[in-house]
Amino acid sequence: MAERYKIGDQYKFGIYIKDVMKGGMGIVYIAEDEKTQRGFAVKSFPSNALWNNAVNERFNQECLLWLTLLSHPNLVNAIFLEFQDNIPFLGLEYVKGGNLRKYMNENEYNLKFTLNFSMQFCEGMNYLAQTNEIIHRDVKPENVLLTLERIVKITDFGIALSTGNMISILGHNKLLSDNQGQDTAMGTLPYMSPEHFKVDEISVESDIYSFGVLLYELVTGRLPFQKTTAKDYVQAHFNEIPPPPKEINPELPEMLNALILKALSKNKEDRFGSFDEIFNLLEHFCRENNLEDCIPKRYTIEELEKEITSSDWNNRGYAFRQLGKYDDALYCYNKSIEFSEDEQASALAYCNKGVLLLHMRLLDDAEIALNKANELKPGWSAVTSAYSNLALMRGNKKRALELLEQSLEQDPNQYEIAIRLMRYYYELGYRDKAIEMLYRGQKLFRNDQDKYCVHYGAVFSDEYHEPQIAMDLYDRAMEINPDNPLIYYNKGVLYDRKGESETALKYYNKALEMDDSIDSAYFLRGLIYLKRKHYQAAMKDWQIVIASDSGSSFAQIVDGVLKMINMGLNIDAFMPVLDSWKSKKHLT
């Protein structure tokens, strides 16, 4: 799995990567702002997953869910979302401390902790369930974090489901409809309720069952059902009654014993109807037993909204804009303006609002917002750049170019402006200026310049049909970092297009030797083998392509061609289709 950043890289100005963690479904970068010491967990997926529509859709839905939630003390909060070369990066609150599993491994049963933890957890889950109609579906110790001060932070909404049918922050109560995993049981076997295996019947009571399993484990040190196979776990969740936790831990109050057993009821109608009900029961117990110091603070929506800063609202607005949720973005930018602490924060919010209104093609409204930003912060490159877009949308290309050049003069270190100018010059026919700006952009690129060269090599090859410039960029990339497999793959594509298949094979082989997950390299290498009548070698490569993305139309066509080869049928008619397939493109 190829990651975009490595330890020590600068993620944004002043924010550096401190650690990289890879899992089966993606990558998490731990980053830190050197000035404020604020930490971030930046969640993403590898570039080779871009072709997997299911991964993209699921990640985008997870992003929407995170971002629609208000900042709640008992949830890990989303801070920003941005896209780099179409790859999403979701910035989350970084929690120092560890998860509940770590706590259970290091500590004995403690009544006060159990009560306080349970009420905090219920407060967070109640906010999800009652205010946002969200079912978590994967409650387990690994998905509950604890700060150093023992504040509970619920995390990982990768498979969460909303019973609402709109994605919006405006009402705080309707989120995404579920079009993921409708026919698949999702969760972690020891913690799954019986209805987890009947996906259409899942509800908040299902999360309450999972919480019952988690609480049982917290107070006894063991799971209610200790099985080794999926089949045995399913049978246990449907049919077995666990021993009462008080039999294992005699110190457990009878109230907690009964609470856990009720949460673990086989029929969801016999469980608690909400996490609020559990909270109230625990709170009552605490007040009757002089344990008021275990009761955490509860929050209203109004209180939560006041805790969100202008910067937070601005980041959310930007994220919603990236996801195409313009009404939600506009709501957030207006909130950012409302809560601005100073003129600079207000100028940023007005500028972003103006850019959003340009996307919405509300040009007069956009101009009003940009004028306000310019009034608050004159001579700001970002506003000048937005004015350039406004001029372009009104058909004044000359003025648009002048403003973009002025924007770069105002801030000569803006890599993004240099790239926009490069594209603008090229589209207007100023090729030499475009090339000059291309290489200027490389010098301004904040991180590994080999990645810049790979990306814009692909742009000049695929968009501008300039293979010589593309080859020069790939050669530059190879000098900077000869260990980047995409350089070899993309050079292979260039030689393949020139008809130099032997050289192309050499580069495809090298790319796959360095990273065996580049599906396009298998396909294109297989295509060369196919043209040479090396059918066994072609079939071996293409089986890998099919296995990695079996549901795509591309994989189905490849599978059909393989079946024709096995039947001894002539495939010449399919060669032009395969030769021009969309996969024959450069990767970045």
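Keep in mind that what you see is a predicted model, and the values were worked out from it rather than measured. By convention here, each chain's residues receive numbers from 1 onward along its written sequence. Given that the model is predicted, a residue must reach a pLDDT of at least 70 before its local features are reported, and side-chain atom pairs must reach 80 or more before they are shown or counted; all residues, however, enter totals for whole chains, interfaces and linings. Water and hydrogen atoms were dropped before computing side-chain values, which therefore reflect all heavy atoms in the structure.

## A look at the overall build of the protein chain
For clarity, the threshold we go by: A run of DSSP states H or I qualifies as a helix once it reaches four residues; a run of E qualifies as a strand once it reaches two. Both are numbered from the N-terminal end. Burial here depends on accessible area, computed with a 1.4 Å probe over protein chains only, as a share of the maximum for the residue type. Under 20% is buried, over 50% is exposed, and the range in between is partly exposed. Contact criterion: two residues are considered in contact whenever any of their non-hydrogen atoms come within 4.5 Å of each other. Note that accessible areas follow from Shrake-Rupley with a 1.4 Å probe, and for residues the cover is restricted to the protein chains shown.
Counting secondary structure elements, the protein chain contains 25 helices and eleven strands. Scored against the burial criterion, the 588 residues of the protein chain give a buried share of 53%. Partitioning the contacts of the protein chain with sequence separation of at least 6, the portion at a separation of at least 24 is 59%. With an accessible surface of roughly 26,500 Å², the protein chain has 49% of that area assigned to carbon and sulfur atoms.

## Considering the packing of helix H12 (residues 343–359) against helix H13 (residues 363–376)
So the rule is basically this: Axis definition: a line fitted to C-alpha atoms, limited for helices to the stretch in contact. Angles are taken between N-to-C directions and run from 0 to 180 degrees. For this classification, under 35 degrees means roughly parallel, over 145 means roughly antiparallel, 65 to 115 means roughly perpendicular, and everything else is oblique. Crossings are assigned a handedness: left-handed for a near helix turned anticlockwise from the far helix by less than a right angle, right-handed for a clockwise turn. The classification used treats Ala, Val, Leu, Ile, Met, Phe, Trp, Tyr, Cys and Pro as nonpolar, Asp, Glu, Lys and Arg as charged, and all other residues, Gly among them, as polar.
Here H12 crosses H13 at 160 degrees, and the two axes come no closer than 8 Å. In terms of orientation, H12 and H13 fall into the roughly antiparallel class. As for how H12 packs across H13, the hand of that crossing is left-handed. Contacts between H12 and H13 involve Glu 343, Ser 346, Ala 347, Tyr 350, Cys 351, Lys 353, Gly 354, Leu 357 and Leu 358 from the former and Leu 363, Asp 365, Ala 366, Ala 369, Leu 370, Lys 372, Ala 373 and Leu 376 from the latter. Class assignment of the residues belonging to the contact of H12 with H13 gives a composition of eleven nonpolar, two polar and four charged.

## Quick notes on the pairing of strand S9 (residues 144–147)
Note the following rule: A pair of strands is labelled paired if DSSP reports no fewer than 2 bridges between them.
On S9, burial covers both faces: Val 144 and Leu 146 on one face and Leu 145 and Thr 147 on the other are all buried. Where strand S7 (residues 97–99) and S9 come together, three bridges link them in antiparallel fashion. Paired with Asn 99 across the bridge in S9 is Leu 145. Note: S9 against strand S10 (residues 152–154), three bridges, orientation antiparallel. When the sheet's bridge partners are listed, Leu 146 is paired in S10 with Val 152.

## Concerning the pattern of salt bridges
How we decide: Any Lys or Arg side-chain nitrogen located within 4 Å of an Asp or Glu carboxyl oxygen qualifies as a salt bridge.
Considering all chains together, one arrives at 27 salt bridges under this definition. With its nearest N and O atoms 2.7 Å apart, the salt bridge here joins Arg 298 to Asp 276. With Arg 298 in the loop between helix H8 (275–288) and helix H9 (301–307) and Asp 276 in helix H8, this residue pair connects regions lying 22 residues apart in the sequence. Of the charged contacts, one joins Arg 525 and Asp 541 as a salt bridge, the two residues approaching to 2.7 Å between their closest N and O atoms. Of this pair, Arg 525 sits in helix H22 (residues 519–531) while Asp 541 sits in helix H23 (residues 535–548), and the two are 16 residues apart along the sequence.

## A short note on the sheet that holds S7
Strand order across the open sheet formed by three strands is S7-S9-S10, with antiparallel pairing between neighbours. In this open sheet, the two strands that pair with only one neighbour each are S7 and S10. Taking the axes of each pair of neighbouring strands and ignoring which way they run, one obtains an average angle of 25 degrees across the sheet.

## With respect to the sheet that holds strand S6 (residues 87–93)
Ordered in space as S1-S2-S3-S4-S6-S5, the six strands form an open sheet in which the pairing is antiparallel. Single-partner strands in this sheet number two, and they are strand S1 (10–12) and strand S5 (78–84). Shown here is a sheet whose adjacent strand axes are inclined to one another by a mean of 35 degrees, direction ignored.

## Quick notes on H12
What counts is decided by this rule: One less than the number of residues in a helix, times 1.5 Å, gives the span that helix is expected to have. Side-chain atoms alone can form a polar contact between residues adjacent in sequence; in general such a contact is a pair of N or O atoms within 3.5 Å, and within protein one must be able to donate a hydrogen while the other accepts it.
In a regular helix each residue adds 1.5 Å, so 17 residues correspond to 24 Å; H12 covers 24 Å between its end C-alpha atoms and thus fits that length. Along H12, 13 of the 17 residues are buried, which leaves the element largely enclosed by surrounding structure. Capping the start of H12, Asp 342 holds a side-chain oxygen 3.2 Å from the backbone nitrogen of Gln 344, two or three residues further along. Where H12 terminates, the next one or two residues include Arg 361, which has phi positive at roughly 60 degrees.

## With respect to the packing of aromatic side chains
Quick reminder of the rule: Working definition: rings of Phe, Tyr and Trp (its six-membered ring) pair if their centres are within 6.5 Å, and the pair is stacked with planes under 30 degrees apart, edge-to-face with planes over 60 apart, and tilted otherwise. To sit over a ring, a charge needs its Lys NZ or Arg CZ within 6 Å of the ring centre and within 35 degrees of the ring normal.
Enumeration over the complete set of coordinates arrives at 27 aromatic pairs. On the basis of an interplanar angle of 20 degrees and a centroid distance of 5.8 Å, the ring pair of Phe 113 and Phe 117 is categorised as stacked. Taken together, the residues span about one helical turn, with Phe 113 and Phe 117 both in helix H3 (residues 111–132) at a distance of four residues. The burial state of Phe 113 is the same as that of Phe 117; both residues are buried. Three or more aromatic residues joined by ring pairs form one cluster here, namely Tyr 5, Tyr 11, Tyr 29, Phe 40, Phe 80 and Phe 89. Stacked on the ring of Tyr 430, the Lys or Arg Lys 433 has its end atom at 5.8 Å from the ring centre.

## A few points about unusual backbone geometry
With phi around 60 degrees, Arg 361 is a residue other than glycine that occupies positive phi space. Within the secondary structure layout, Arg 361 lies in the loop between H12 and H13. The exposure class of Arg 361 is exposed, given its relative accessible area of 58%. Phi is positive for His 465, close to 55 degrees, though the residue is something other than glycine. Of note, His 465 is situated in the loop between helix H18 (449–462) and helix H19 (467–480).

## Notes on the environment of Asp 475
In this fold, Asp 475 is placed in helix H19. Accessibility expressed as a relative area gives 31% for Asp 475, which makes it partly exposed. When the C-alpha atoms of Asp 475 and Asp 450 are compared, they prove to be 9.4 Å apart, with 25 residues separating the residues in sequence.

## Digging into the nonpolar core
To keep it simple, the criterion reads: As used in this record, nonpolar core signifies buried Ala, Val, Leu, Ile, Met, Phe, Trp, Tyr and Cys residues forming a set joined through side-chain atoms within 4.5 Å.
Ranked by size, the top nonpolar core spans 87 residues in total, and within it Met 422, Leu 438, Tyr 452, Tyr 456, Phe 460, Tyr 489 and Leu 530 carry the most contacts. Here this core gets nine residues from one element, more than from any other, and that element is helix H16 (residues 415–427). One finds Val 139, Leu 145, Leu 215 and Phe 320 within the second-largest nonpolar core, a separate group that totals 81 residues.

## Quick look at the side chain of Ser 210
Here Ser 210 shows up in helix H4 (residues 204–220). Leave out the neighbours within four places in its chain, and Ser 210 touches Val 139, Tyr 191, Met 192, Ser 193 and His 196.

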